[in-house]
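Each chain, written out:
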Amino acid sequence: MTDYIEPRVLKGFRDFLPDAEITRRSLREKIESTFRSFGFLPIDTPAIEYAEILLGKGGGETEKQIYRFKDNGQRDIALRFDLTVPFARFTALHRAELLFPFKRYHIGKVWRGENTQRGRYREFMQCDFDIIGSDNPASDFEIILLIHTALSNLGIDVNIHVNHRGLFNRFLSNLDLGSKSVEILRTVDKFSKVGEDETQKNLAALAGDEKAQKILQYTGAKGSFTDVLNRITELSGGPSAESQRLLLLHQYAQDVSGSFTFTLDPSITRGLDYYTGVVFETFLKELPDIGSVCSGGRYDNLAGLYSKEKDAISGVGSSIGLDRLLVALESLGKLPDAKDCLLAIACADDKNSGLYQSLALKFRQEGIPCEVFLEADRQLVKQFVLAEKKGMRYVIIPGDNPLTDKLTLRCLASRSNLELTFEEALEKIKT
């Protein structure tokens, strides 16, 4: 019997080497900075919840994908499959401690046992942002604007597609299909994956051929925002609170300076049951086939499942899929630089390691990330090669007293050395 255990990773799960993780964290930090700039506040919740919490209103598809098991105490528990349902539980539990409207963001891992494909994994990171305690259309609009701003700040051009689940439900009620709305919404939501023929076939099985054709006419409405809104308003029975909200969102967008726009797309339904109002999905202009990189919508009184309070807490939010976004940026050649340190301090003599660290602190205090090499080698060129492999631009070759002597600044690109004071070296590196 051997003691060897083969190192391996579960399908749909990944290790991240330093360059990949630095890139991922860089994107996350930029997204988080945008969230904070809008006044959104961070929270966190456990990775594991009671299964009944997560399955409260997730639907059949969720139950098939969730990682569910018994712990040592025989409790029925599960890994969170998104960050929205735990947030609903969080809201119900901490309602008295929150100030409403409450703007939150939460960046963390989630788990789904679904089929893996390009940009889709079983363990992945979501960047959620929500406003709860407000049913004002201004809340819907701020989430849409935050989607645009967060992705624009990453240098990405996007198309945001918006729809209203309530208006679609009105349309289905006019066809006497209100009782089948959940199944029809899920079928329409899969249109981009299975195509028109398969969607029509599945709709016909639910509603009959004639009504299936009418549903496709509704979801396939094209044209300007006004043209599409007029068409789906007519098909849903005339003007309503839902159509007026979409019209107001369009007006808000026109009031924002610059070229901010979004598309009214009746085919956007979002498959999860808890969405009740405006819904949205976001596509990269340069790579639409990767699918939506940011999705969400309005969910009225989701927290009500976990609260005895009678008054509903309305919410609206969205989620950026960080891993799919990374795949897309890599395909487009737009990943940010994965190098953290521009400067290394060579180790010329082991006994001076404390002085080298003291010198590095001086650079760090001036905002220059700096790594100290830990082992001396008579051939400094080996340390130069190591610095180049790490993506650094400069190496400091310290003298006998690194804090008082002049420093030798090695420029790795030009293979040239400069004798400089600390202040001169600092200025050179900064410029």
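Refer to the structure printed above.
Notes on the structure follow. Just so it is clear, the structure is predicted and the values come from calculations on it, not from any experiment.

### Some words on the packing of helix 11 (residues 225-235) against helix 12 (residues 241-255)
For the pair helix 11 and helix 12, interaxial distance at closest approach is 11 Å and the crossing angle is 175 degrees. Looking at the two axes, helix 11 sits roughly antiparallel to helix 12. Contact residues: helix 11 offers F225, T226, L229 and T233, while helix 12 offers S243, L246, L247 and H250.

### Some details on the sheet that holds strand 15 (residues 407-411)
As summarised here, the arrangement of the five strands in space is 13-12-14-15-16, forming an open sheet in which the pairing is mixed. Strands at the two margins of the open sheet, each flanked by one partner only, are strand 13 (370-372) and strand 16 (416-420). In this sheet, adjacent strand axes meet at a mean angle of 25 degrees when their direction is disregarded. Across three bridges, strand 12 (residues 343-345) lies against strand 13 in parallel orientation. Opposite A344, over in strand 13, you have E371 as the bridge partner. The strands touched by helix 14 (residues 353-365) are strand 12, strand 13, strand 14 (394-397) and strand 15; relative to strand 13, the strand with the most contacts, the crossing angle is about 175 degrees.

### Considering the pattern of salt bridges
If you walk through the whole model with that rule in mind, you get 24 salt bridges. As a salt-bridge pair, R245 and D140 come within 2.7 Å of each other at their nearest N and O atoms. Taken together, the positions of R245 in helix 12 and D140 in helix 5 (residues 137-152) put the pair 105 residues apart, joining distant regions of the chain. K214 serves as the salt-bridge partner of E210, at 3.9 Å between the closest nitrogen and oxygen. Note that E210 and K214 are positioned in helix 10 (residues 209-219) at a spacing of four residues, about one turn of the helix. The class for K214 is partly exposed, based on a relative accessible area of 36%.

### As for the sheet that holds strand 4 (residues 76-79)
On the basis of which strands lie adjacent, the open sheet formed by three strands has the order 2-4-3 and antiparallel pairing. Either end of the sheet is taken by a strand with one partner, and the two such strands are strand 2 (48-50) and strand 3 (68-70). Across this sheet, the average inter-strand angle for adjacent strands is 40 degrees, counted without regard to direction. With three bridges joining them, strand 3 and strand 4 adopt antiparallel strand pairing. Along strand 4, the bridge assignment pairs K70 with D76.

Reading the values: the criteria
Residues numbered from 1 in each chain as written. Predicted model: local features only at pLDDT ≥ 70, side-chain atom pairs only at ≥ 80, totals over all residues. Heavy atoms only, no water. Axes fitted to C-alpha atoms, helices over the stretch in contact; angles between N-to-C directions. Helix = DSSP H or I, 4+ residues; strand = E, 2+ residues; numbered from the N terminus. Parallel < 35°, antiparallel > 145°, perpendicular 65-115°, else oblique. Contact = heavy atoms within 4.5 Å. Pairing = 2+ DSSP bridges. Salt bridge = Lys/Arg side-chain N within 4 Å of Asp/Glu carboxyl O. Buried < 20%, exposed > 50% of the residue type's maximum accessible area, 1.4 Å probe, protein only.

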